[in-house]
Amino acid sequence: MASPSSLLLPIGASRKSLCGTHQGVSCDKFRGLVPRCSNLEAGLRVSRTIGCDSKTKLSLMKRRDMIGFVFGASTLLLGSYDANGAGLPQEEKPKLCDENCEKELENVPMMTTESGLQYKDIKVGTGPSPPIGFQVAANYVAMVPSGQIFDSSLEKGLPYLFRVGSGQVIKGLDEGILTMKVGGKRRLYIPGPLAFPKGLISAPGRPRVPPSSPVVFDVSLEYIPGLEIDED
């Protein structure tokens, strides 16, 4: 792609500059010589071609106008592209609970355990509950209380595998999944002591989780490897 300077040179040049001097030599002095722009030189290069008559000057003007039109159109297109890019809406992050789900969740009763964990069932599963120590596959969307997402298995495209009740995840998530059934979805309101005692530094652009601050997890229990469901 040509540099902006090489494109601007013929557009901004006047008739005098196009037939101007090059090392003290003018076009009038050497009739039959026409200056041409070179990308390899800072000035104008003189080469032997047809004379500087009126037809040639007209052709040069038309060529200059055409280059100006092409450059102007490309500038407008690039400007339009940048404007559209800057005005694009932020990409919607995948969620386990959409807007309709949020409205329905308002009418779901809140359950509170002895530890202080609270939860609402978005959907009650029909499969088995995981025994302590069993590996489970679960999808999750982790949020700060304001609803901003700081981590999500949905964005990774794979469910998260861990042994439930074995301390491989935060206490609130461990406790909340133990009473779920396969196929179920639940929103966990996890208090600070059951969340991240040391806090969590999230990825760039994601909210930071301060030490011992409450968090919210939407969780879906996908399956329990090795624990088959008897469908008969």
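Residues numbered from 1 in each chain as written. Predicted model: local features only at pLDDT ≥ 70, side-chain atom pairs only at ≥ 80, totals over all residues. Heavy atoms only, no water.

An unreviewed UniProt entry lists the protein under the name peptidylprolyl isomerase, with Pelargonium echinatum as the source organism.

Let's talk about the overall build of the protein
From N to C terminus, the protein includes five helices and nine strands. In the protein, the succession of α and β elements from N to C terminus is α-α-β-β-α-α-β-β-β-β-β-α-β-β. The buried share of the protein, taken over its 232 residues, is 30%. Within the protein, contacts between residues separated by at least 24 positions form 62% of all contacts whose residues are at least 6 apart in sequence. Just so you have it, the protein exposes about 15,400 Å², and 57% of that area is on carbon and sulfur atoms. (Helix = DSSP H or I, 4+ residues; strand = E, 2+ residues; numbered from the N terminus. Buried < 20%, exposed > 50% of the residue type's maximum accessible area, 1.4 Å probe, protein only. Contact = heavy atoms within 4.5 Å. Areas by Shrake-Rupley, 256 points an atom, 1.4 Å probe, with all protein chains shown as cover.)

Re a negative patch on the surface
Taken together, Glu 92, Asp 98, Glu 99 and Glu 104 make up a surface patch of like negative charges. Of note, Glu 99 is situated in helix α4 (residues 99-105). (Patch = residues over 30% accessible without salt bridge, like charges linked within 9 Å, V, L, I, M, F, W, Y side chains within 5 Å. Salt bridge = Lys/Arg side-chain N within 4 Å of Asp/Glu carboxyl O. Lys, Arg positive; Asp, Glu negative; His and termini not counted. Charge placed at Lys NZ, Arg CZ, Asp CG, Glu CD.)

Comments concerning the packing of aromatic side chains
Applying the stated criterion across every chain, the model contains five aromatic pairs. Summarising the aromatic geometry, the rings of Phe 150 and Phe 196 are spaced 6.1 Å apart at their centres and angled 80° between planes, so their arrangement reads as edge-to-face. Here the residue Phe 150 occupies a position in strand β6 (residues 149-152), and Phe 196 occupies one in the loop between β8 (185-190) and β9 (215-223), the gap between them amounting to 46 residues. Through pairs of rings, three or more aromatic residues link up here, namely Tyr 140, Phe 150, Tyr 160, Phe 162, Phe 196 and Phe 217. Sitting above the plane of the Tyr 119 ring, Arg 186 keeps its charged end 3.9 Å from the centroid. (Phe/Tyr/Trp six-rings, centres within 6.5 Å; stacked < 30°, edge-to-face > 60°. Lys NZ or Arg CZ within 6 Å of the ring centre and 35° of its normal.)

Side note on the state of the cysteines
Taken as a whole and judged by the stated rule, the model has one disulfide. The residue that forms a disulfide with Cys 97 is Cys 101, at a sulfur-sulfur distance of 1.9 Å. One quick way to see it: the torsion about the S-S bond of Cys 97 and Cys 101 is about -100°, and its sign makes the bridge left-handed. Each member of the pair, Cys 97 as well as Cys 101, carries the same accessibility label: buried. (Disulfide = S-S within 2.5 Å.)

Here's the deal with the pairing of β6
Pairing analysis gives three bridges linking strand β5 (residues 135-143) to β6, with the strands arranged antiparallel. The residue bridging Ala 142 from the neighbouring strand is Asp 151, located in β6. Following β5, the chain reverses through five residues before pairing antiparallel with β6; Gly 147 in that reversal takes a positive phi of roughly 100°. (Pairing = 2+ DSSP bridges.)

A word on empty space enclosed by the protein
On inspection of all chains with the given rule, the structure shows two cavities of 30 Å³ or more. Empty space within the second largest cavity amounts to approximately 30 Å³. At the level of elements, β5, β7 (160-163) and α5 (171-178) are the ones that each hand at least two residues to the lining of the second largest cavity. Among the elements that take part in the lining of the second largest cavity, β5 stands out by supplying three residues, more than any other. (1 Å grid on protein atoms, 1.4 Å probe; cavity = no way out; pocket = protein on both sides within 12 Å on 5 of 7 lines; lining within 4 Å. Points joined across faces, edges and corners; volume = space filled by probe spheres on them.)

Some points on the environment of Lys 185
With respect to the element layout, Lys 185 can be found in strand β8. Expressed as a C-alpha distance, the spacing of Lys 185 and Leu 96, which sit 89 residues apart in the sequence, is 8.0 Å. Other than its neighbours up to four places away in sequence, Lys 185 contacts Leu 96, Asp 121, Ile 122, Lys 123, Met 180, Val 219 and Ser 220.

Some details on the side chain of Asp 174
Its location among the elements puts Asp 174 in helix α5. Apart from the residues lying within four places of it in its own chain, the contact partners of Asp 174 are Phe 162, Arg 163, Val 164, Gly 165, Ser 166, Gly 167, Gln 168 and Val 169.

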